[in-house]
Amino acid sequence: MKELVVLSGKGGTGKTSLVASFAALASSEVLCDCDVDAADLHLVLQPTRRESHEFWTGQIAIIEGDKCTQCGLCQQLCRFQAIRDFRVDAKSCEGCGFCFHVCPVGAITMQDKLSGHWFVSDTRYGPLVHARLGIAQQNSGKLVALIRQQAKQIAQKDRFDLIISDGPPGIGCPVISSLSGANLALVVTEPTLSGIHDLERVLGVCRHFGVSPLVCINKYDVNEENSRKIEEYCYSQKLTIAGKIPFDDAFTESIARGIPLVENCSNGTVRQIESLWQRIFESLDRYQGGLKHADLRL
Amino acid sequence: MIIAVASGKGGTGKTLMATSLALSLKEKARVQLLDCDVEEPNAHLLLNPAISGREPVCMPVPQIEKGKCNYCGKCAQVCAYHAIAVVPGYVLTFPELCHGCGACSYLCPEGAISEVGREVGVVEWGNSDGVEFVHGRLNVGEPLALPVIRKVKQFANRDGVVIVDVSPGTSCPVVEAVKGSDFCLLVTEPTLFGLNDLVLAVSMVREFDVPCGVVINRAGMKDGLVRDYCEKEGIPILLTIPLDMEIARLYSRGIPLVVGLPEWRRHFIELFDKIGDMVHEGTGRIKR
């Protein structure tokens, strides 16, 4: 079984639009939406929900007003400035429990937190594992790890050879959680200075965790000079550009209709996506990937 | 006044908004731009600030003094993040899991734990043509952005106008960046993804008692969905920027909108005036 994760660093480069098309082009796969705090893949794939689960993780401190003597020790020790006027601010509490351990009168309890939900759904291309992290919640990395685990189990049980994961933007906790141990990363960039800057950082994360990346330049014709710079950079780093996709309004239209672009029309963009998928597919075959490729670390 | 520029969905134009707003206001007020998207900071690419200072961001992590430790296991028991494991005769620490809460060192009965700083990122500051600039940069491979965001926000000076460029999403890094703001500007695009993530961003703002308004970027024929939603929720649309290849190309070259097309400056000043009115009148707060 192989696992492809699609990342970008910068948001809005077109990860989800491309993943939706890959879903249609791959013959048999499990899909996993690792962007747990702004998941969008379900909007194109129109899944039927099969299972819904609660995601409980972490804790929050609660101060019992009638027991509290207002000594102030908890406020003084909390590094996250989460306690003010002897009340806990849920948005700031990181659930460390320091206050609970030090309260001299036992006025603080730690309560488990419902941090989100995760789902298993059916799409016309295969099962989709996706999630919704609660607003303002922490632990997005843990939720990503959990849904990737579930996707793997489904793939093993129902004999799917491939998992395609739509990753989150950025380079932090949920990205690391989406990437570590995957066979191959596709990094989708755009020819803007921001796109290039963020590409370099997310490629650094790929190196750090020993996952081989392929690069795709989306909207390459918005600035062809910058696209050339990306190609030169990738060449100098011995990285493969697996595809160049033009700016195309058809993406927005196909999303609005809930159909992956490759099924919505047949134009030059679609042919570019098809050849991009072909390259990815060949690379997946080649890379044994994941942590075994520790020699790729710089 | 602190204005947070957030979005839910990535790539909708937060950095374009934040930089153009800052540049448009610099003649009117003391303006700071704090780039709190520490995973992928981009504002410096448009503002080209002259960096005058930098400071590493360090997370306090435990260091065990072997001679004093009696392997009682208290530290491992109190650590909520499983960053310490104690086996007879040995203490293992996992600094990358540590949140720096300080419980282990405070609660160690033998006083065997001290804290050392582990660098997780850097904060840099400087000036860009009259705009005070601060950004944070999370080190590649580090998972926790919050300490870097907190450090950037310490630079906020409420006497002037502070514009905070926020990362995409709705989880803890976004909340940390928006916290303490007087206004939250939500940037969206008129696509199904844009609307879906705007709804999520609005529920994020709802967690705070701050007014908010929407900017529709890449606006065109299909703004109806976003407009209907905003009307239903009573959220004002404060600015509309059309889908325009020239604007996209300026951004791609790292040229702020109000530098490339100075006629836009007027719109950003108007936007700021509207925000100011809403903050002072206390309007635009969304119902919980």
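The model shown is predicted, which means the values in this text are computed figures rather than measured ones.

The number of helices and strands found in chain B is eleven helices and eleven strands. With respect to the three principal axes, the spread of C-alpha positions in chain B is 70 × 40 × 35 Å. Across the 288 residues in chain B, those meeting the buried criterion constitute 59%. Pairs at least 24 residues apart make up 75% of the contacts formed inside chain B by residues separated by at least 6 positions. Charge centroids of chain B, computed over 29 positive and 34 negative side chains, lie 1 Å from each other.

Attention shifts here to the sheet that holds strand 9 (residues 184-189) of chain A. Residues and elements named next belong to chain A. Sheet architecture is open: nine strands sit in the order 3-6-7-2-8-1-9-10-11, paired in mixed fashion. For this open sheet the edge positions go to strand 3 (48-63) and strand 11 (240-245), each flanked by a neighbour on one side alone. Taking the axes of each pair of neighbouring strands and ignoring which way they run, one obtains an average angle of 20 degrees across the sheet. Sheet topology places strand 1 (residues 2-7) next to strand 9; four bridges connect them, and they run parallel.

Residue and element names in this part refer to chain A. What the domain assignment lists for chain A is domain 1 (2-55 + 116-296) and domain 2 (58-114). Here the C-alpha centroids of domain 1 and domain 2 sit 40 Å apart. Counting the surface lost from both domain 1 and domain 2, the interface buries some 550 Å², and carbon and sulfur atoms represent 43% of this. Considering only the surface of domain 1 that becomes buried against domain 2, Ala 136, Gln 137 and Gln 138 emerge as the three largest contributors, covering 58% of it. Summed over the shared surface of domain 1 and domain 2, the result is one residue pair in polar contact (both at pLDDT 80 or more). Going through the elements one at a time, strand 3 and strand 6 (108-123) are the ones with two or more residues in the side of domain 1 that touches domain 2.

Okay, the interface of chain B and chain A next. Taken together, the contact between chain B and chain A spans 58 residues of the former and 59 residues of the latter. Summing both sides of the interface, chain B and chain A together bury roughly 4,800 Å²; the carbon and sulfur share of this comes to 59%. By the criterion of area lost to chain A, the three top residues of chain B are Glu40(B), Val140(B) and Phe193(B), representing 14% of everything that side buries. Inspection of the chain B/chain A interface yields three salt bridges. Between Glu115(B) and Arg79(A) there is a salt bridge; the shortest N-O distance is 2.7 Å. Where chain B meets chain A, there are 32 residue pairs in polar contact (both at pLDDT 80 or more). Those elements giving two or more residues to the side of chain B that touches chain A turn out to be helix 2 (43-47), helix 4 (103-107), strand 7 (131-138), helix 5 (146-153), helix 6 (172-178), helix 7 (192-206) and helix 9 (245-252) of chain B. For the side of chain B that touches chain A, the element with the highest residue contribution is helix 7 of chain B, accounting for seven residues. Residue composition of the side of chain B that touches chain A, grouped by class: 27 nonpolar, 18 polar and 13 charged.

Our next topic: unusual backbone geometry. Peptide bonds are mostly trans, and most non-glycine residues show a negative phi. We note that Gln81(A) has phi near 45 degrees; this positive angle belongs to a residue other than glycine. Assignment of secondary structure puts Gln81(A) in the loop between helix 3 (73-77) and strand 4 (83-84). Positive phi outside glycine occurs at Tyr71(B), with the angle close to 60 degrees. Among the secondary structure elements, Tyr71(B) is positioned in the loop between strand 3 (50-64) and helix 3 (74-78). Classification of Tyr71(B) by relative accessible area gives partly exposed; the value is 28%.

As a further point, take the side chain of Lys9(B). Mapping Lys9(B) onto the fold places it in the loop between strand 1 (2-6) and helix 1 (14-25). An unpaired buried charge is present at Lys9(B): no salt bridge exists, and Glu189(B), the closest side chain of opposite charge, is 4.1 Å distant. If sequence neighbours within four positions are ignored, Lys9(B) has contacts with Gly12(A), Asp40(A), Lys14(B), Pro168(B), Glu189(B), Phe193(B), Gly194(B) and Asp197(B).

Residue and element names in this part refer to chain B. Spatial strand order, 3-6-7-2-8-1-9-10-11: nine strands in an open sheet with mixed pairing. The sheet terminates laterally at strand 3 and strand 11 (237-242), the two strands that pair on one side only. This sheet shows a mean twist of 20 degrees between the axes of neighbouring strands, independent of strand direction. As paired strands, strand 6 (residues 113-128) and strand 7 are joined by eight bridges and run antiparallel to one another. Along strand 7, the bridge assignment pairs Val 122 with Arg 137.

Further remarks concern the nonpolar core. Among the nonpolar cores identified, the biggest contains 98 residues, and Leu179(A), Val164(B), Cys184(B), Leu186(B) and Met204(B) are the most heavily contacted of them. Among the nonpolar cores identified, the runner-up in size contains 38 residues, and Met1(B), Leu33(B), Tyr251(B) and Val258(B) belong to it.

Each value, and the rule that gives it
- Residues numbered from 1 in each chain as written.
- Chains lettered and ligands numbered in written order.
- Predicted model: local features only at pLDDT ≥ 70, side-chain atom pairs only at ≥ 80, totals over all residues.
- Heavy atoms only, no water.
- Helix = DSSP H or I, 4+ residues; strand = E, 2+ residues; numbered from the N terminus.
- Buried < 20%, exposed > 50% of the residue type's maximum accessible area, 1.4 Å probe, protein only.
- Contact = heavy atoms within 4.5 Å.
- Lys, Arg positive; Asp, Glu negative; His and termini not counted.
- Charge placed at Lys NZ, Arg CZ, Asp CG, Glu CD.
- Pairing = 2+ DSSP bridges.
- Axes fitted to C-alpha atoms, helices over the stretch in contact; angles between N-to-C directions.
- Domains from an automatic or database assignment.
- Buried area = accessible area lost by both parts, 1.4 Å probe.
- Polar contact = N/O pair within 3.5 Å; in protein donor to acceptor, adjacent residues only side chain to side chain.
- Salt bridge = Lys/Arg side-chain N within 4 Å of Asp/Glu carboxyl O.
- Nonpolar A, V, L, I, M, F, W, Y, C, P; charged D, E, K, R; others polar.
- Core = buried A, V, L, I, M, F, W, Y, C linked by side-chain atoms within 4.5 Å.

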